[in-house]
Structures are given as structure tokens and as C-alpha cells.
Amino acid sequence: MRRSLRFSLFALVLLGLVGGTLAFFIAQKSVVLTIDGQAQRIGTYADTVAEVLDEEGLEPAAHDVLLPAAHEALADGDTIVLTRARPLKLSIDGVEQEIYVTALSVDEALEQLGLRADGLVLSASRSERLPLDGMSLKVTTPKDVVLVVDGQERVVTTTAATAGDLLDEQGIVLSPTDRASTELSQPLTSQLRLQVFRVTVSDVTETVAVPHERVETPDPEALVGTKKVTTAGVDGQQTVTYRVTLTDGVETARETLSTTVDRAPVTEQVTVGTKARPTASPAADGLNWGALAACESGGRPNAVSSTGKYHGLYQFGVGTWQSVGGTGLPSQASPDEQTYRAQLLYQRSGAGQWPHCGPRLFG
């Protein structure tokens, strides 16, 4: 082969090699890849976002944020942003949930969740970074709670997590018998009413009367309607020990522990007349007993004089009443018995027993 021909062929091969190399370098792109806020510039021959991520060994998860989308074409100078989501075990005022956030710090996570209130109590520093495998975060928000203790009611703004925490925060100590209106482990909610009941339990000893009984015995010698106490009734006495519960100073329970009889009661014994009454009429003996009664007592069987000495229709003295067989007080006897006893008195002593009204018997 002639020398000029060899030179021409060499020149053609060299030109092809140079052109191919130049085309290879022209096809390369320079892009900015930002992962979780950290940016770096890389060179790539990839045509799509997905291919770049594949080259970098990155595989976006379901909750990650990727811009542009994985299928988007890639041009020289483009920027790819991948923000990877972190699992967050979040507890807000005792209510737990698991969520994903793309925040890189606790403060950013609170911003994403809309927790912007002042006074939040957190289990981690706001500046703490969220690791890629996530973390647990406990948030307690300020709440207005109605607190009632020892008769005083007030509204307390607190970030205490539970009712028990609030009492500790306020320096309120419960005795073993005290109780609260809610369980101390109950999470606090806004406008919750928490009341403390002061409970005291003590043993109290009291002297108590024991009422006496009453027994009535038929007396065939006494007229029907008459009663006579033969043995006076007397109440007994016993000592009782109680266990008394006071809630905020008011007795709410009482339990009998023991009873001791100090004095037994005495039963009242009463005789009751069963003898039929004789038939008696105010006019049976021809005398006007109604007129006498009207003059003496105004016709009232239960009348008692202002001095308390004279009783009944005919104003018997108690001694005179008893002298004609009466028992008890005349004013407590029936009208028939009072008239019967008055007739007996008249038969014995005449109308002079009623110095002022006696003449009425004959009117």
C-alpha cells in the first residue's frame, strides 16, 4: 500500500475516535442532588430522575417527597430534591398515634403538625434532629382545668399530663381516705372539672334511748273506755359505737360497730276497762243534765278550768271524780261516763256540789 493511502486511513480512524469521545462528554449532565437538605453536584448520563436515584443507590419510600417525579426527564443543570419521611410515634396529651413526617428536626415536625401553641411541654429538645428510623415524641399542651379543693373553685392553666400530675403540680396532697372526682391516671382535657373530696373516717360513741313498750290488759271490773296505768313505762338506755364517714365535713355514711345496753326499758302496763256501761240518759232521772253541763263547761266534755283544777262537762275536781269511781282525768272520759259519775255524785250529795249551776238541774 502506498504511503499516502496509509496516512489517509489513519487520519479517518483518528477522526472517528476523537468524535466519539467528544460526543460522550457532550452527553454527560451536571445536576444538583439534594437529600434531606444536603446538596451535592454530580455528573450523570441518566435520562430520568429515577435513573439518577438508581445510580446513587437511592429508592424512595411511599411517604418520601421527590421533586421532580421519578419519571421526569433530566436536563443539564437540573436539581433533584429527595426528602425522606421519618416515622414518628406521637403522643399528644396521652393520645397516641404513629405518623410520618418529612421534617428534619423536632421543631420542624411540630410546624408540620400545626402544633404552634406556646407553653408546649416536649419529651425532646426542639432542635433535636429526627433520625431516619424515627423517634417517639410526647407533647403536652396547656389546658384550662377547673380545680375544686377544700371548698375553693378556680381555673388552672396547666401542662400536667394527668389529674395526679396536676395535684402534684399544685402541691395538693391526698390522704389515704381522700378521693378525686376522676382517676388520677386520667389524661387532662381542656375544661375538665377535677374535684378533691376530703374524707375522714372516725369511730363515734353515743348514748341512745331505747323506747319502752306498752302492754294493755283487759280489766273486767272497769267500764269500757277507761284505762289505768298500773306500771309507768321507762325508756332504756344503750351505748352505740358508730363508724362515721364525713365527706367535706358532711356525714355521708354511718355503720354500727357495737351496742351495749346500759339500762333495760320498763314496759308500761295499762288496764283497759271491759265492763259494759250502764245505760244513762241526761234526762233519765227527770233532771236537766244538759243545762247543768252548759252552765258549768259550755257543754264541752274536755273542758279544763283556767286553774287546771276542774275538768269535763260538770267540772269535777280530780278527788271528787275518783270518789265516785272515776279513773284518770274527768276531761279524758267519755260524755256518757261523765254524766254517769255526775248522777252518782248527785245521788250522794245533791245539787249542792254545783253551787252556782246546780239549780239548772231543775229548770
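Everything that follows concerns the structure shown earlier in this document.
Read on for a plain summary of the structure. (Residues numbered from 1 in each chain as written. Predicted model: local features only at pLDDT ≥ 70, side-chain atom pairs only at ≥ 80, totals over all residues. Heavy atoms only, no water.)

**Describing the state of the cysteines**
Throughout the structure, instances matching the rule amount to one disulfide. Sulfur-sulfur distance for the disulfide between Cys-295 and Cys-357 comes to 1.9 Å. For the disulfide bridge between Cys-295 and Cys-357, the dihedral angle about the S-S bond is near -65°, and by the sign convention the bridge is left-handed. Here the residue Cys-295 occupies a position in helix α5 (residues 289-297), and Cys-357 occupies one in the segment after α7 (335-349), the gap between them amounting to 62 residues. (Disulfide = S-S within 2.5 Å. Helix = DSSP H or I, 4+ residues; strand = E, 2+ residues; numbered from the N terminus.)

**A word on the packing of aromatic side chains**
Taken as a whole, this structure holds four aromatic pairs when the rule is applied. Measuring from ring centre to ring centre gives 5.9 Å for Trp-289 and Tyr-314, while their planes differ by 85°; the resulting arrangement is edge-to-face. Of the two residues, Trp-289 sits in helix α5 while Tyr-314 sits in the loop between β19 (310-311) and β20 (316-317), which places them 25 residues apart along the sequence. Like Trp-289, the residue Tyr-314 is buried in the burial classification. Between Trp-289 and Trp-354, the ring centres sit 6.0 Å apart and the planes meet at 80°, which makes this aromatic pair edge-to-face. Highlighted residues: Trp-289 in helix α5 and Trp-354 in the segment after α7, separated in sequence by 65 residues. The buried category is assigned to Trp-289, whose relative accessible area is 0%. One aromatic cluster is present, built from ring pairs that chain together Trp-289, Tyr-314, Tyr-346 and Trp-354. (Phe/Tyr/Trp six-rings, centres within 6.5 Å; stacked < 30°, edge-to-face > 60°. Buried < 20%, exposed > 50% of the residue type's maximum accessible area, 1.4 Å probe, protein only.)

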